[in-house]
Amino acid sequence: MNLNEDPSAFQKHLGYRVVRFERGLCEMEMPIAPFLMNRNNIPHGGSYSALLDTAMGFVGLGDGITPRRSLTLNLSVNFMGQAKGTTLIAVGKYTGGGHKTYFAEATLHDDTGLLLATATGVFKYTPSQ
């Protein structure tokens, strides 16, 4: 996967987009939409997890041009707050790894600056398709 290809069906449905990408760092935004809400009328934790996982997955792309893909082997999310704003903002950072796997961490804020969640993950590189 690279940043020059069309968004996946999942990305189109959730509405997230890359707003900043550089080697080892990816910032993504996702509007808080009604279909993301849980029964308490706050964004479902799964929406937090999906955005954190995706931001960390993108940091393994390298330069964003050479096709490279990965799969999540482990995802750990710590929930810390409830969104008050209108947009979720995830920042993923590459923290290390090798030829077959890599490690990343991410934070999730809303557009008011409130820290909502943090995450760490382990990812396995897969062949480009």
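Above this text is the structure in question.
Computed from a prediction, not measured in an experiment: that's the story for all the values here.

1. Structural notes on the sheet that holds strand S5 (residues 101–110)
Reasoning step 1: Within the open sheet, the six strands sit side by side as S1-S2-S4-S5-S6-S3. Their pairing is antiparallel. Each edge of the open sheet carries a strand with a single partner, namely strand S1 (17–22) and strand S3 (69–79). Here the strands of the sheet are splayed against their neighbours by 20° on average, with no regard to which way each runs.
Reasoning step 2: Looking at chain direction, S1 and strand S2 (residues 25–31) are connected through five bridges and run antiparallel. Bridge assignment links Phe-21 to a residue of S2, and that residue is Cys-26.
Reasoning step 3: Relative to S5, helix H2 (residues 45–59) is tilted by about 135°, and along the sheet it contacts S1, S2, S3, strand S4 (87–97), S5 and strand S6 (115–126).

2. Some words on the packing of aromatic side chains
Reasoning step 1: Per the counting criterion, the structure on display carries five aromatic pairs.
Reasoning step 2: Following the ring pairs from residue to residue traces out a cluster consisting of Tyr-94, Tyr-102, Phe-123 and Tyr-125.

3. Re the nonpolar core
Reasoning step 1: In terms of nonpolar packing, the biggest core is built from 29 residues, with Met-28, Met-30, Tyr-48, Leu-51, Leu-52, Leu-88 and Leu-108 touching the most fellow members.
Reasoning step 2: Those elements giving two or more residues to this core turn out to be S2, H2, S4, S5 and S6.
Reasoning step 3: Counting residues per element, this core draws most heavily on H2, which supplies eight residues.
Reasoning step 4: Residues contacting Tyr-48, with those up to four places away along its chain left out, are Pro-43, Phe-79, Gly-81, Gln-82, Ala-83, Leu-88, Leu-108, Leu-116 and Ala-117.

4. Notes on the environment of Arg-17
Reasoning step 1: The residue Arg-17 is located in strand S1 in this model.
Reasoning step 2: For the pair Arg-17 and Pro-31, spaced 14 residues apart in sequence, the C-alpha to C-alpha distance is 9.5 Å.
Reasoning step 3: With near-sequence residues (within four places) excluded, Arg-17 lies in contact with Gln-11, Glu-27, Met-28 and Glu-29.

What counts and how
- Residues numbered from 1 in each chain as written.
- Predicted model: local features only at pLDDT ≥ 70, side-chain atom pairs only at ≥ 80, totals over all residues.
- Heavy atoms only, no water.
- Pairing = 2+ DSSP bridges.
- Helix = DSSP H or I, 4+ residues; strand = E, 2+ residues; numbered from the N terminus.
- Axes fitted to C-alpha atoms, helices over the stretch in contact; angles between N-to-C directions.
- Contact = heavy atoms within 4.5 Å.
- Phe/Tyr/Trp six-rings, centres within 6.5 Å; stacked < 30°, edge-to-face > 60°.
- Core = buried A, V, L, I, M, F, W, Y, C linked by side-chain atoms within 4.5 Å.
- Buried < 20%, exposed > 50% of the residue type's maximum accessible area, 1.4 Å probe, protein only.

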